[in-house]
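# Fold and geometry: a report
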Amino acid sequence: MEDKPIVTSNSVNQPTASPEAEEAVLEIWGQQPLSGHVSISGAKNSALVVLAGTVLSSQPCRLRNIPNLMDIDRMAQVLSALGIKVSRNGSTLDVDPSDISHTRAPYDLVSRLRASFFIIGPLLARMGVARIPCRVVVRSGAPVELHVRGLQAMGADVHIDHGTVHASVPGPRGRLQGAKIHLDYPSVGATETLMMAATLADGETILENAAQEPEVADLANFCRALGARIRGVGTKTMTIAGVPSLHGTDYGIIPDRIEAGTFLAAGVITRSEISLSPIIPEHLSAVVAKLQEMGSQVIAESPNRLRLVPGHDIQATDIQTLPHPGFPTDMQAQFMALLTLANGSSMITETVFENRLRHVAELNRMGANVRLNGNCALVQGVPMLSGAPVQGTDLRAAAALVVAGLGAHGKTTLQGLQHLDRGYERLEHKLIQLGAQIRRTTVNSQDLPDRPDVLESAAAPATPSFLPQG
Ligand code: EPZ
């Protein structure tokens, strides 16, 4: 199959309904048992940051196991705007970053992908200058403050001018300086930005209180494949010895632990035995431990294959989301869907993102009994959920509503597929292969309930609870 340059945002072949007339929705008929095996795609949150990391290399890179997702296409378009050629052949991307002709990312592309902020570190390290339009205002407690403060510690001048983050390295050689940086919070993005920037800095950088998510380790291993010198991968303290330049590589990313966790939740809510591969079991330790508390078993059939044996009932339990190796925030919504049907009541506390509980109202429309108090949700188990028209408000909320729809009585119509398609490759196709009754279709917008209560925008990250509010 010939290489295809990635040029449009519709290259994931999703039906695009004209906004004023029709809308793409998923229709799910619940209570269908699932069976069989599901193949897990490459990790979205590795692919995005590894793609950005190719900017560090002066030679072509080949990236394997890259899922075909809207967000990946958008990141590829941002790189293309910098003069970097990106082409896709199936799940393999060929990236040629040898000649970067621009150091400003276009607003229209960056504004559609928050993760495109990840290019600031590599671009600054490689070129000595980076200009990234930034929808979020950089202020104390803003979602990029830790990135900015770390780059400034490495000698960068970073300021906001007319909504664009301008970063540059003063001095004739325009090279960042190694520094000792303690992160106030183990931010995944800030750890990744600063680790990438440090690979080409002058001297050694020590990152303390670094994020330990598997995707951060995957990025570190990719950088090491480029020739970077990084110690402490996967631990809270990483030491990066800067090198003058980095070469190309051929690198395969890890499987998506959040996609795998989402399918495990689909199996539990339909009381179905399913198997999943490839997967790295230790990436799902907190999720598997919680499933066992809830009455299910997850058996390692081989080093990279899991089998779910669901319990007859779902036992109530409490969940607090935390940085890795704690319970992942990206699985919180999907597990809330399960706990709406548990025997008893559960308390879910979201400590990572402040406004990541917007799926509560949608689950309650399906008959759930969830009460919110700040960043806590009290979930009182109910005997059944009923299918209903619901709206996905962000990527994982949409996934949770698919899970809920699979367990509900009757038909669920899910709107907001633009969120779902950002993070799940061929979700409905994979579920159909397992026996689910689900289809993607377009319906006339007039036939859908008017939902002024649901803000259209994705759940933009607010100031997290660990930083001063306001
Ligand atoms: C990454 O987001 C993931 N995204 C998220 O996955 C994931 O939920 C999150 O890590 C936590 O695991 C990608 O990798 C593309 P953070 P990121 O920096 O890097 C605050 C999904 O569904 N913060 O660890 O943005 C921030 O606002 C997505 O796949 C600051 O205040 O997460 C948040 O409240 C969603 N200032 C908290 O820290 C900063 O400078 C955690 O953010 C940086 C972060």
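Keep in mind that this is a model prediction, so the values were computed, not measured.

Assigned domains of the protein chain: these are domain 1 (18–41 + 255–464) and domain 2 (45–252). Its C-alpha centre places domain 1 at a distance of 30 Å from the equivalent point of domain 2. Opposite the 18 residues of domain 1 that make contact, domain 2 presents 18 residues. Across the domain 1 to domain 2 interface the summed buried area is about 1,500 Å²; carbon plus sulfur atoms make up 52%. One salt bridge connects Arg257 with Glu215, and the closest N-O pair in it is separated by 2.7 Å. It is helix 13 (residues 417–423) that provides the largest number of residues to the side of domain 1 that touches domain 2, a total of three residues. Along the lines of polarity and charge, the residues of the side of domain 1 that touches domain 2 split into seven nonpolar, five polar and six charged.

Considering all chains together, one arrives at two aromatic pairs under this definition. Judged by centre distance (5.6 Å) and plane angle (70 degrees), the ring pair of Phe222 and Tyr251 falls under edge-to-face. Taken together, the positions of Phe222 in helix 7 (residues 214–225) and Tyr251 in strand 14 (residues 250–252) put the pair 29 residues apart, joining distant regions of the chain. Taking the relative accessible area as the measure of exposure, Phe222 reaches 0% and is therefore buried. Under the relative-accessibility criterion, Tyr251 is labelled buried at 12%. Seen from their ring centres, Phe327 and Phe335 are 5.1 Å apart, and the 70 degrees between their planes marks the pair as edge-to-face. According to the relative accessible area criterion, Phe327 is buried, its value standing at 5%.

The interhelical angle for the contact between helix 1 (residues 44–53) and helix 2 (residues 70–81), taken along N-to-C directions, is 5 degrees, at an axis separation of 10 Å. One way to sum up the angle between helix 1 and helix 2 is to call them roughly parallel. In contact with Lys44, Ala47, Leu48, Leu51 and Ala52 of helix 1, helix 2 contributes Asp71, Ile72, Met75, Ala76 and Leu79. Classifying every residue of the contact of helix 1 with helix 2 gives eight nonpolar, no polar and two charged.

All right, on to the sheet that holds strand 21 (residues 376–380) then. Spatially, four strands are ordered 18-19-21-20 in an open sheet, and the strand pairing comes out mixed. The open sheet has two edge strands, strand 18 (319–320) and strand 20 (369–373), and neither has a second partner. Summarising the sheet, strand 19 (residues 345–349) and strand 21 pair through five bridges and their orientation is antiparallel. Paired with Ser346 across the strands is Val379, a residue of strand 21. Across the sheet, helix 10 (residues 332–339) touches strand 18, strand 19, strand 20 and strand 21, and the angle it forms with strand 19 is around 170 degrees.

Time to look at the pairing of strand 8 (residues 157–161). Of the pairings in the sheet, the one linking strand 8 to strand 9 (residues 164–168) comprises five bridges and is antiparallel in character. Residue Asp157 lies in a different strand from strand 9, and its bridge partner there is Ser168. Linkage of strand 8 to strand 9, two consecutive antiparallel strands, is achieved through a turn of two residues, within which His162 is found at a positive phi near 55 degrees.

Side chains that differ in sign of charge can pair as their charged atoms come close. Under the definition given, this model contains 18 salt bridges. We note a salt bridge from Arg356 to Asp330, for which the minimum N-O separation is 2.6 Å. Highlighted residues: Arg356 in the loop between strand 19 and helix 11 (359–365) and Asp330 in the loop between strand 18 and helix 10, separated in sequence by 26 residues. When sorted by exposure, Arg356 lands in the same class as Asp330, which is buried.

Turning our eyes to something else, we now look at the environment of Arg114. Considering the arrangement of structural elements, one finds Arg114 in the loop between helix 3 (107–110) and helix 4 (120–127). C-alpha separation for the pair Arg114 and Met75, spaced 39 residues apart in sequence, amounts to 9.7 Å.

The next point concerns the pairing of strand 6 (residues 92–96). Judged by how many residues are buried, strand 6 sits mostly within the fold: four of five residues are covered. Where strand 4 (residues 61–64) and strand 6 come together, three bridges link them in antiparallel fashion. Across the sheet, Cys61 pairs through a bridge with Val95, a residue of strand 6. In this sheet, strand 6 lies alongside strand 5 (residues 85–89) in antiparallel orientation, the contact comprising five bridges. The residue of strand 6 that forms the bridge with Val86 is Val95.

Let us now look at helix 9 (residues 285–293). An α-helical segment advances 3.6 residues per turn. Residues three or four places apart therefore align on the same side. Among all positions in helix 9, only Ala286, Val287, Val288, Lys290 and Leu291 are buried. Its buried side turned inward, helix 9 meets helix 8 (257–269), strand 16 (297–302), strand 18 and helix 10. Downstream of helix 9 by a residue or two, Gly295 has a phi angle that is positive, lying close to 105 degrees.

Here is what the cut-offs are and how they apply
In this convention, every chain numbers its residues from 1, walking through the sequence in written order. Reporting in this predicted model follows two pLDDT cut-offs: at least 70 for local features of residues, and 80 or more for side-chain atom pairs to be given and counted; totals over whole chains, interfaces and linings ignore these cut-offs and use all residues. Excluded from the side-chain calculations are hydrogens and water; all other atoms, namely the structure's heavy atoms, are used. These domain limits were set by an automatic method or by a database of domain assignments. Should any heavy atoms of two residues lie within 4.5 Å, those residues are considered in contact. Note on terms: buried area is the combined drop in 1.4 Å-probe accessible area of two parts once they are placed together, counting the loss on both. Salt bridge, as used here: a side-chain nitrogen of Lys or Arg that lies within 4 Å of a carboxyl oxygen of Asp or Glu. Helix numbers and strand numbers start at the N terminus; a helix is a DSSP run of H or I with at least 4 residues, a strand a run of E with at least 2. In the scheme used here, Gly and all other residues not listed as nonpolar or charged are polar, with Ala, Val, Leu, Ile, Met, Phe, Trp, Tyr, Cys and Pro taken as nonpolar and Asp, Glu, Lys and Arg as charged. Classification of ring pairs uses Phe, Tyr and Trp, with its six-membered ring standing for Trp, and accepts pairs whose centres are within 6.5 Å; under 30 degrees between planes counts as stacked, over 60 as edge-to-face, and the remaining range as tilted. Using a 1.4 Å probe on the protein chains alone, a residue whose accessible area is under 20% of its type maximum counts as buried, one over 50% counts as exposed, and one in between counts as partly exposed. Orientation is described by axes fitted as lines to C-alpha atoms, over the contacting stretch for helices, and by angles from 0 to 180 degrees between their N-to-C directions. Small angles under 35 degrees read as roughly parallel and large ones over 145 as roughly antiparallel, with 65 to 115 read as roughly perpendicular and the rest as oblique. Paired strands are those between which DSSP finds at least two bridges.

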